[in-house]
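Chains, contacts and geometry: an overview
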Amino acid sequence: MKKILLQGAMESETAFFIQQVKKLPDYQCLNLDGQIYHQGTSGDITVIVNTTGMGTVKASMATTYALHALHPTMVINQGTAGGQVRELSTGDVVLVYEAVNINILNMPKKKIGEGSDPFSWHCEDKVYYKSDDRLFHFFVDHEADYSAGKIMRGRVATGDIYSREDDRIIWLEEQYHTLCEDMESAAVFEVCSNFQTPCMGLRVISNNELLDEVFNRETGTLLQEYIWKLLPLM
């Protein structure tokens, strides 16, 4: 039997999933040292839903607990992200084939009074974590099933920051060749890689600062509905 872990960082990114799992006849709510997992069986699939919390540390912890104790056969990490290219706007989806941690930066030495210049920082140790090939191509084959926006395929930048400076967003895209930015994907991908568990990332654009869009948390539901519709086919 397949056991699929569905993750989202915020309640708005998992509320629809949890609502659906609670309808299943064998629904359970599991508490693992404060980590809450909602579990139920749909057909031949055991579905586990977890709200990880925001940021790389919380995402890593929640994923590690789940993989160690619940042994899912695959992980779908999904949620909202900020667009980094003008081709993406609110409601569009990125199928993540690679995620990179943008927290790893080296900066040149500057003395007191010499200020700070983030554009001189170097991202020398770039590590790109890949989505599982089979899962990635599954979603590629079902791109037409998403109707709330367009779908693009590419990389996501993960960092414990909330970028709102246009020049900085453009710089990050140029350095890492990413389409959008979140706070969890690369961390989850790295943990899954260590556990040798297939992982797939999907991100719906909640806003794009380059287009002066306002954050829209409701986009998280659009992505959950899309994934839930495809769940029986995985």
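Placed above this text is the structure.
Residues numbered from 1 in each chain as written. Predicted model: local features only at pLDDT ≥ 70, side-chain atom pairs only at ≥ 80, totals over all residues. Heavy atoms only, no water.

Turning our eyes to something else, we now look at helix α5 (residues 185-195). One turn of the α-helix equals 3.6 residues, which is why residues spaced by three or four share an orientation. Among the residues of α5, those classed as buried are Ser185, Ala186, Ala187, Val188, Phe189, Val191 and Cys192. With its phi angle positive at about 55°, Gln196 sits one or two positions after the end of α5. (Buried < 20%, exposed > 50% of the residue type's maximum accessible area, 1.4 Å probe, protein only. Helix = DSSP H or I, 4+ residues; strand = E, 2+ residues; numbered from the N terminus.)

The term disulfide refers to a covalent linkage connecting the sulfur atoms of a pair of cysteines. Under the defined criterion, the tally for this structure stands at zero disulfides. There is no disulfide at Cys180, and the cysteine sulfur nearest it, in Cys199, is 14 Å away. Overall, Cys180 belongs to the buried group, its relative accessible area being 0%. (Disulfide = S-S within 2.5 Å.)

Enumeration according to the criterion identifies six aromatic pairs in this entry. Centroid distance Tyr97 to Phe136: 6.1 Å. Interplanar angle 80°. Geometry classified as edge-to-face. Placement of Tyr97 in strand β6 (residues 93-101) and of Phe136 in helix α3 (residues 133-141) is noted, with a sequence separation of 39 residues between them. In this structure Tyr97 comes out as partly exposed when scored by relative accessible area, which is 34%. Plain terms: the ring middles of Tyr146 and Tyr226 are 5.3 Å apart, the flat faces sit at 70° to each other, and that makes the pair edge-to-face. Highlighted residues: Tyr146 in the loop between α3 and β8 (151-158) and Tyr226 in helix α6 (residues 219-230), separated in sequence by 80 residues. (Phe/Tyr/Trp six-rings, centres within 6.5 Å; stacked < 30°, edge-to-face > 60°.)

Next up on the list: the pattern of salt bridges. Under the defined criterion, the tally for this structure stands at seven salt bridges. Note that Arg164 is salt-bridged to Glu209, the shortest N-O span being 2.9 Å. Remark: Glu209 occurs in the loop between β10 (199-207) and α6 and Arg164 occurs in the loop between β8 and α4 (166-176); sequence separation between them is 45 residues. Close ionic contact of Arg203 with Asp182 constitutes a salt bridge, the shortest N to O distance being 3.0 Å. Placement of Arg203 in strand β10 and of Asp182 in strand β9 (residues 180-182) is noted, with a sequence separation of 21 residues between them. (Salt bridge = Lys/Arg side-chain N within 4 Å of Asp/Glu carboxyl O.)

Locating Arg168 in the fold gives a position in helix α4. Despite its burial, Arg168 pairs with no opposite charge; the closest candidate is Glu165, at 5.5 Å N-O. With near-sequence residues (within four places) excluded, Arg168 lies in contact with Leu105, Pro118, Phe119 and Trp121. (Lys, Arg positive; Asp, Glu negative; His and termini not counted. Contact = heavy atoms within 4.5 Å.)

This part is about a nonpolar patch on the surface. On the surface, Tyr162, Val214 and Phe215 cluster together into a nonpolar patch covering about 330 Å² of accessible area. Assignment of secondary structure puts Tyr162 in the loop between β8 and α4. Here Tyr162 falls in the exposed class, since its relative accessible area comes to 52%. (Patch = residues over 30% accessible without salt bridge, like charges linked within 9 Å, V, L, I, M, F, W, Y side chains within 5 Å. Areas by Shrake-Rupley, 256 points an atom, 1.4 Å probe, with all protein chains shown as cover.)

This part is about helix α2 (residues 56-69). Taking 1.5 Å per residue as the helical rise, α2 with its 14 residues ought to reach 20 Å, and the 20 Å between its terminal C-alpha atoms agrees with that figure. Within α2, the full set of buried residues consists of Thr56, Ala59, Ala62, Thr63, Ala66 and Leu67. Seen from one end, α2 has its buried residues packed into an arc of 140°, which puts them on one side. Those residues of α2 that are exposed and aimed more than 90 degrees away from the buried face are Val57 and His68. In this structure, the buried side of α2 is in contact with β1 (2-8), β3 (35-42), β4 (45-51), β5 (74-83), β8 and α5. His71 occupies a position one or two residues after α2 and carries a positive phi of about 55°. (Expected span 1.5 Å × (residues − 1). Arc of directions from axis to C-beta.)

With respect to the helices, strands and loops of the structure, Glu184 is situated in the loop between β9 and α5. Under the relative-accessibility criterion, Glu184 is labelled buried at 4%. Among residues more than four places away in sequence, those in contact with Glu184 are Ala9, Thr52, Gly53, Met54, Gly55, Ala59, Thr158 and Arg203.

Right, let's get into the environment of Cys199. Considering the arrangement of structural elements, one finds Cys199 in strand β10. Here Cys199 falls in the buried class, since its relative accessible area comes to 5%. Excluding residues that lie within four positions of it along the chain, Cys199 makes contacts with Val75, Ser131, Asp132, Leu135, Val188, Phe189 and Cys192.

What follows concerns a negative patch on the surface. A surface patch of negative charge is lined by Glu165, Asp166, Asp167 and Asp212. Here Asp212 lies in the loop between β10 and α6. The exposure class of Asp212 is exposed, given its relative accessible area of 66%. (Charge placed at Lys NZ, Arg CZ, Asp CG, Glu CD.)

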